[in-house]
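So the chains spell out like this:
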Amino acid sequence: MYIYKTEILTVSTKWFSDKADEKDVAVLDRFINEKVADGWEFVTYNYMATAMQIKGAFIITFRKQQ
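Now for a look at the structure at hand.

Each value, and the rule that gives it
Residues numbered from 1 in each chain as written. Predicted model: local features only at pLDDT ≥ 70, side-chain atom pairs only at ≥ 80, totals over all residues. Heavy atoms only, no water. Salt bridge = Lys/Arg side-chain N within 4 Å of Asp/Glu carboxyl O. Helix = DSSP H or I, 4+ residues; strand = E, 2+ residues; numbered from the N terminus. Buried < 20%, exposed > 50% of the residue type's maximum accessible area, 1.4 Å probe, protein only. Core = buried A, V, L, I, M, F, W, Y, C linked by side-chain atoms within 4.5 Å. Contact = heavy atoms within 4.5 Å.

Attention now goes to the pattern of salt bridges. All chains considered together, the criterion is met by three salt bridges. Among the ionic pairs, Glu7 bridges to Lys35, the shortest N-O distance being 3.0 Å. Here Lys35 lies in helix H1 (residues 22–37) and Glu7 lies in strand S1 (residues 2–13), a separation of 28 residues in the sequence. In this structure Glu7 comes out as buried when scored by relative accessible area, which is 18%. Relative accessible area serves as the criterion here: at 15%, Lys35 is assigned to the buried category. Sharing partners across several salt bridges, the network here consists of Lys5, Glu7 and Lys35.

The next subject is the nonpolar core. Within the largest apolar cluster, nine residues are counted, these being Leu9, Val11, Leu28, Phe31, Ile32, Trp40, Phe58, Ile60 and Phe62. Excluding residues within four positions of it along the chain, Leu28 makes contact with Leu9, Tyr45, Phe58 and Ile60.

This is how it looks when you write it as structure tokens:
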């Protein structure tokens, strides 16, 4: 059986586009690698833009054996 953990990783401010950029992806990679080092297995992620399209966030789910 697994336990799941979902986290929100806010990304940099967007002035002209609501898309993730290379810096955001580097932050995401670092975050995922930190969690994996703590024993969590990466399951899935989704990028969510805000309604104002100024800031976005990654919604990331991890799991580990209970």
